Amino acid sequence: MGTNVRIDGHTKLAFLLGHPVAHSLSPVIHQAAFAATGINAAYLPWAVAPDRLAAAVQGLRAMENLLGANVTVPHKEAIVPLLDGLTPEGEALGAVNTLLPRDDKLVGDNTDGAGFLAALREDPGCETAGLIAVVLGAGGAARAVAMSLARAGARQIVLVNRSLDRGRLLAELVAVRYPACEVTVQALHSAWRVTELPEIRLLVNTTSVGLHSSDPPLFDYASLPAQIMVCDLIYNPLETALLRAARSRGCRVANGMGMLVHQGALAFERWMGKPAPVHAMRDAVGI
Ligand code: NDP
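Attention here is on the structure that accompanies the text. (Residues numbered from 1 in each chain as written. Predicted model: local features only at pLDDT ≥ 70, side-chain atom pairs only at ≥ 80, totals over all residues. Heavy atoms only, no water.)

### Overview of the pairing of strand S3 (residues 66-71)
Stage number 1. Judged by how many residues are buried, S3 sits mostly within the fold: six of six residues are covered.
Stage number 2. By the bridge criterion, five bridges tie strand S1 (residues 12-18) to S3 in an arrangement that is parallel. Each bridged residue has a counterpart across the sheet, and for Ala-14 the counterpart in S3 is Gly-68.
Stage number 3. Examined bridge by bridge, S3 and strand S5 (residues 98-102) share two bridges and lie antiparallel to one another. Within S5, the residue paired with Asn-70 across the bridge is Thr-98. (Buried < 20%, exposed > 50% of the residue type's maximum accessible area, 1.4 Å probe, protein only. Helix = DSSP H or I, 4+ residues; strand = E, 2+ residues; numbered from the N terminus. Pairing = 2+ DSSP bridges.)

Written as structure tokens, this is what we have:
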């Protein structure tokens, strides 16, 4: 995991803007990528309070040796109006996790959805064309997951969210952009059951429930059919109560570590214009 950083007058800088950032694995993942490819760059966590975000973006603009930046909670949406433009991906999601310096401009991109798909595709059993999937949640991560599944040819997405209104808003967003994908909305509660949806092949938890061992079950885990794949975007803990229950019921499972590595790998590719050393990035976080 340890990578020696050689800092000199030519070192390029990359940052993670968030609040908090101390828990983040992105510095470890990116520093490993720079080391593996011999790039003279340093990736630094930058804790930015919400009321200082505009000042931080101005600081980035002044940095001639800026390689790029990532953006995390709570700034992914708030940073949009501070930028000079968005890539089609950033535009579609209305949220940014990657900043690209282009000439004198800062362009906002989003690699979360593509990172999720890249991680999903590592499972040979998960074909996205014609897929029927359940997405739990309707926040920023759900937006990235639902949009990317629809773009990848999913036939139907069932959005299950605590707040029905927020679920409906996301459903509309997906339906407008991907009319071929049927999107339905259900209310998430502790007695909700998966088995009412016989053709489902994938269930993705994008809510923050499961981060704490004291969190109550999101739904009736005993309703998980063995033939589905269950993904949890949470990566700390590596195995949430949902994944534990799914595994014990015979489901294939994946935690959020694969998505984390792949969204980082895609950011690296955008900054460097060359393939990312995905193996080194995975090794850095022990997967
Ligand atoms: P948001 O705050 O935008 O959305 C949170 C979602 O969780 C909402 O749908 C909310 O429902 C739901 N929720 C929160 N508390 C509860 C509860 N007690 N019961 C039921 N639902 C609840 O967060 P994000 O979408 O940005 O992030 C969500 C998770 O995804 C986080 O754990 C984050 O770490 C993870 N993530 C992982 C990534 C990776 O690379 N692996 C990348 C991005 C995110 P409601 O609308 O009703 O409030």
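### A short note on helix H5 (residues 140-151)
Stage number 1. Spanning twelve residues, H5 covers 17 Å between terminal C-alpha atoms, matching the ideal 16 Å at 1.5 Å per step.
Stage number 2. Among the twelve residues of H5, nine are classified as buried, and the element is accordingly described as predominantly covered.
Stage number 3. Residues of H5 that are buried include every one of Ala-142, Arg-143, Ala-144, Val-145, Ala-146, Met-147, Ser-148, Leu-149 and Ala-150, and no others.
Stage number 4. Against helix H3 (88-93), helix H4 (112-120), strand S7 (132-136), strand S8 (156-161), helix H6 (164-177) and strand S10 (202-205) lie the buried residues of H5.
Stage number 5. Immediately downstream of H5, the backbone of Gly-153 shows phi near 100°, a positive value. (Expected span 1.5 Å × (residues − 1). Contact = heavy atoms within 4.5 Å.)

### Topic: the sheet that holds S5
Stage number 1. Here six strands make up an open sheet; going across it, the order is S2-S1-S3-S5-S6-S4 and the pairing mixed. Both edges of this open sheet fall to strand S2 (41-47) and strand S4 (85-86), since each of them pairs with a single strand only.
Stage number 2. Packing against the sheet, helix H1 (residues 26-37) makes contact with S1, S2 and S3, and its axis sits at approximately 170° to S2. (Axes fitted to C-alpha atoms, helices over the stretch in contact; angles between N-to-C directions.)

Interpretation in functional terms is not warranted from these geometric data alone.
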